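Inside the fold
Each chain, written out:
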Amino acid sequence: MARLNQKEKINKLIIHTIIIIGGLTMLFPFAWMIITALKSYGESIMIPPTLFPQEIRLDNFQKAWNALPFIDLYTNTLLLIFWRVFFALVTSSMAGYAFGRIEFPGRNVLFSIVLIQMMLPPQIFIVPQYLMVAKLGWLNSITALVFPGLVSAFGTFLMRQFYKGIPKDIEEAAILDGCNHFTIFRKIMLPLSKNNLVALAIFTALFAYKELMWPLIANMSLEKMTLSSAIASLKGQYDTEFPVVMSASFIAMWPMLLLYIVFQKHFIQGIAFTGSKG
Amino acid sequence: MRVKSVNKQKASNYFWGYVMSAPSIIGLMILNIIPFFYTIYLSFTESDGLSAPTFVGVENFTRLASDSEVWLSVMNTLYYTVLSVPLGVFLSLLFAVFLNNKIKGVSIYRTIYFLPMVVAPAAIAMVWKWILNSQYGILNFLLSKLGIDNIGWLINSKMIIPSLAMVTIWSTLGYNLILILAGLKNIPETYYEAADIDGANGVRKFFHITIPLVSPMLFFVLITSLMAALKQFDYYYIMLDPSNPAIDKTQTILYLFYEYAFTINEKGYASAIVLLAFVIIMVFTALQFWMQKKWVHYE
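Note that this is a predicted model, so its numbers are computed, not measured.

**A word on the layout of surface pockets**
Each pocket or cavity is described by its volume, and for the second largest pocket that value is around 1,500 Å³. What lines the second largest pocket is a set of 34 residues, among which A:Ile15, B:Val97, B:Asn101, B:Gly202 and B:Lys205 lie closest to the centre. Those elements giving two or more residues to the lining of the second largest pocket turn out to be helix H1 (2–37) of chain A together with helix H3 (68–99), helix H7 (160–185), helix H8 (189–197) and helix H9 (202–230) of chain B. Sort the elements by how many residues they give to the lining of the second largest pocket and H1(A) lands first, with eight residues. Of the residues assigned to the lining of the second largest pocket, the class counts are 18 nonpolar, seven polar and nine charged.

Okay, here's the thing in structure tokens:
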């Protein structure tokens with residue numbers, strides 16, 4: 001028995017060590033970003049590299065701040081996220097309810113459009129979407145950024161799965177009372193699906209924030225870019241000035257990170273949830 | 001009276017069914033379905049996006065078939081996928097199993113592993129570009145301490161794809177881990193207790209209980225990782241400069257698509273390339289769904 005305990009202890013120690021090494025590997029690039037951002041250019045390319053800055057320099061942040069219109073970038077990114085989430089929640093919850101709970105002719109045909117979209121890689125739409133936005137004169141605007149994500153096939157699918165699973169008798173009383181489906185949706189179903197909506201919102205926000213190809217082509221002028229595409233635009237121009245690039249990356253990292261720190265539990269649960277339903 | 005009210009009920013159902021699904025369906029039609037067919041149309045034309053496209057028949061596809069640059073990019077994409085997906089999913093599973101133990105601070109580790117997911121890929125790419133810098137990068141410095149000489153991570157055409165696969169594994173580990181961990185949490189404790197009574201060891205329990213019961217989630221993670229890998233563009237775009245001579249030898253198919261669509265501005269040929277990418281993704285997804293019968297257990 002004692003030997004078994006010993007073995008268990010060693011097992012735990014090994015697992016702990018691996019998890020800690022893994023954790024340090026995850027954290028190191030971020031630490032290195034911050035350390036580099038605080039160094040002078042000369043120190044950043046010193047060999048051997050200094051683990052801690054000899055003298056802390058904040059002028060890299062100043063330079064980064066001047067190189068990119070960060071206030072605009074933050075605003076654009078937050079507006080992109082806000083509108084994408086707003087439209088995804090409204091359209092997906094309504095359509096998800098219709099597909100999951102209302103019987104109407106052509107329902108399956110229409111729902112197959114949702115399934116088809118989920119199978120197609122988004123880049124297959126990107127040239128026509130770009131031509132549309134260009135033709136409408138929307139290039140370099142928030143509208144252009146939001147445009148391809150006005151509706152969410154994945155969101156519709158996710159909400160439909162949820163509404164489909166709710167027992168039928170919940171709304172029977174309401175139907176006998178003469179309530180129409182929209183009232184049932186608004187008064188009974190929406191409140192029930194709060195967790196799903198939070199999960200969908202987080203999922204939509206994350207992927208809007210991380211998108212790169214569309215913001216790069218839709219908005220070419222710097223003050224209309226997102227944080228992602230603007231950081232990407234630093235390549236070439238500031239390529240060798242690593243402390244400045246690291247400072248800019250550091251400044252750009254915060255919007256989603258702060259949301260994550262505050263709503264950590266929802267993030268983790270939301271992602272796990274979209275996985276289990278998807 | 002009753003018939004009338006049933007009819008009325010039906011009419012109301014139809015009405016709300018159409019009205020409530022309309023915004024999504026109209027949106028999908030305009031944003032996705034019509035563009036999909038327009039891409040197919042464009043692939044039979046020559047187009048700069050400004051003047052009207054000229055119909056050229058199957059010219060783009062015959063050009064595609066004999067374009068070694070395209071096929072090299074397909075091979076690069078597959079190579080990148082083979083390097084990043086199996087190892088990435090395996091590591092996620094491994095760490096998920098570790099974190100599923102009753103150890104202190106699990107939620108802190110989970111938070112840390114998930115971090116790269118909430119940082120823009122652009123910022124991640126910039127940091128790794130700096131870490132992997134062959135002259136001043138910290139990684140080469142650390143390796144030099146171990147006696148390993150200067151590796152051109154992002155310069156040497158043999159190293160670029162493995163480097164980017166490594167960054168991909170690092171940045172997606174947490175996301176996949178969260179999903180697999182959710183799957184592990186759903187396995188009833190009683191299965192393991194029964195196995196303990198039968199005297200099964202850890203390895204047996206892992207292969208006979210954990211893997212089969214988590215296999216649907218594992219399959220989901222595999223499919224999403226596969227689709228993401230076959231669509232890789234972001235890290236290439238940021239970490240490799242267009243002036244990098246190795247880029248022609250290492251670019252992925254979607255990077256090539258972007259170049260043709262928006263830099264070289266041959267939107268017709270670009271459409272043919274993206275359709276090829278679509279076919280490849282479809283084939284691999286279908287293959288996965290076909291193979292899942294052999295190893296995925298649904299209850």
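Structure's up, so let's keep going.
**Regarding unusual backbone geometry**
A cis amide bond, omega -5°, links A:Ile47 with the succeeding residue A:Pro48. A positive phi angle is found at A:Asn140, which is not glycine, with a value near 60°. Take A:Asn140: it is sitting in the loop between helix H6 (126–135) and helix H7 (142–146). Relative accessible area serves as the criterion here: at 30%, A:Asn140 is assigned to the partly exposed category. Phi at B:Asn265 takes a positive value of approximately 60°, unusual for a residue other than glycine. Mapping B:Asn265 onto the fold places it in the loop between helix H12 (253–263) and helix H13 (267–295).

**Some remarks on the interface of chain A and chain B**
With 97 residues of chain A at the interface, the matching set in chain B holds 87 residues. Interface of chain A and chain B: buried area, both sides summed, is about 8,400 Å²; carbon and sulfur atoms make up 79% of it. If you sort the residues of chain A by the area they bury against chain B, A:Ile19, A:Met26 and A:Lys235 come out on top, with a joint share of 9%. On inspection of chain A and its partner chain B, the count reaches 17 residue pairs in polar contact (both at pLDDT 80 or more). Per-element tally for the side of chain A that touches chain B: the top contributor is H1(A), with 17 residues. Considered class by class, the residues forming the side of chain A that touches chain B number 70 nonpolar, 22 polar and five charged.

**Observations regarding the packing of helix H4 (residues 70–101) of chain A against helix H10 (residues 181–192) of chain A**
Residues and elements named next belong to chain A. Relative to each other, H4 and H10 sit at 110°, their axes nearing to 11 Å. The angle between H4 and H10 falls in the class roughly perpendicular. Taking contact as the criterion, the partners of Ser93, Met94, Tyr97 and Arg101 in H4 are, on H10, His181, Phe182, Ile184, Phe185, Met189 and Leu190. Considering only residue class, the contact of H4 with H10 consists of seven nonpolar, two polar and one charged.

**Overview of the packing of helix H8 (residues 153–165) of chain A against helix H11 (residues 194–210) of chain A**
Residues and elements named next belong to chain A. Closest axis-to-axis distance for the H8/H11 pair is 11 Å, and the angle between their directions is 165°. Classified by the interaxial angle, the pair formed by H8 and H11 is roughly antiparallel. Crossing of H8 over H11 shows right-handed handedness. Residues Phe154, Gly155, Leu158, Met159 and Phe162 of H8 form the contact with H11, whose participating residues are Asn196, Leu197, Leu200 and Phe203. Its residues placed into classes, the contact of H8 with H11 shows seven nonpolar, two polar and no charged.

**Thoughts on a nonpolar patch on the surface**
Nonpolar side chains collect at one region of the surface, where A:Leu79, A:Phe82, A:Trp83, A:Phe86 and A:Val90 lie side by side and expose about 430 Å² of accessible area between them. Accessibility expressed as a relative area gives 33% for A:Trp83, which makes it partly exposed.

**Here we look at the confidence of the model for chain A**
Chain-level pLDDT for chain A is 91 on average; 97% of the residues reach the 70-or-more range. Considering each helix and strand of chain A separately, the mean pLDDT is smallest for helix H9 (residues 169–176) of chain A, with a value of 80, and largest for H7(A), with 97.

**Quick word on empty space enclosed by the protein**
All names here are of chain B. In the structure shown here, the tally under the stated rule is one cavity of 30 Å³ or more. Counted as a void, the largest cavity has a volume near 50 Å³. Surrounding the largest cavity, Val74, Thr77, Leu78, Leu230, Ile253, Ala277, Ile280 and Ile281 form its lining. Going through the elements one at a time, H3 and H13 are the ones with two or more residues in the lining of the largest cavity. Looking at the lining of the largest cavity residue by residue, the class counts come to seven nonpolar, one polar and no charged.

**Considering the pattern of salt bridges**
Close approach of charged atoms allows side chains with opposite charge to pair. Per the counting criterion, the structure on display carries seven salt bridges over all chains. Where A:Arg84 meets A:Glu211, a salt bridge forms, and the shortest distance between an N and an O atom there is 3.2 Å. Within this pair, whereas A:Arg84 is found in helix H4, its partner A:Glu211 is found in the loop between H11 and helix H12 (213–218), the two being separated by 127 residues in sequence. Residue class for A:Glu211 comes out partly exposed when judged on its relative accessible area of 25%. A salt bridge links B:Lys205 to B:Asp196; the shortest N-O distance between them is 2.8 Å. On the accessibility criterion, B:Lys205 (18% relative accessible area) is buried. What makes B:Asp196 partly exposed here is its relative accessible area of 44%. Residues joined by salt bridges that share partners form a network here, namely A:Glu55, A:Arg57 and A:Asp59.

How each quantity is defined
Residues numbered from 1 in each chain as written. Chains lettered and ligands numbered in written order. Predicted model: local features only at pLDDT ≥ 70, side-chain atom pairs only at ≥ 80, totals over all residues. Heavy atoms only, no water. 1 Å grid on protein atoms, 1.4 Å probe; cavity = no way out; pocket = protein on both sides within 12 Å on 5 of 7 lines; lining within 4 Å. Points joined across faces, edges and corners; volume = space filled by probe spheres on them. Helix = DSSP H or I, 4+ residues; strand = E, 2+ residues; numbered from the N terminus. Nonpolar A, V, L, I, M, F, W, Y, C, P; charged D, E, K, R; others polar. Buried < 20%, exposed > 50% of the residue type's maximum accessible area, 1.4 Å probe, protein only. Contact = heavy atoms within 4.5 Å. Buried area = accessible area lost by both parts, 1.4 Å probe. Polar contact = N/O pair within 3.5 Å; in protein donor to acceptor, adjacent residues only side chain to side chain. Axes fitted to C-alpha atoms, helices over the stretch in contact; angles between N-to-C directions. Parallel < 35°, antiparallel > 145°, perpendicular 65-115°, else oblique. Left-handed = near helix turned anticlockwise from the far one by under 90°. Patch = residues over 30% accessible without salt bridge, like charges linked within 9 Å, V, L, I, M, F, W, Y side chains within 5 Å. Areas by Shrake-Rupley, 256 points an atom, 1.4 Å probe, with all protein chains shown as cover. Salt bridge = Lys/Arg side-chain N within 4 Å of Asp/Glu carboxyl O. pLDDT = per-residue confidence, 0-100.

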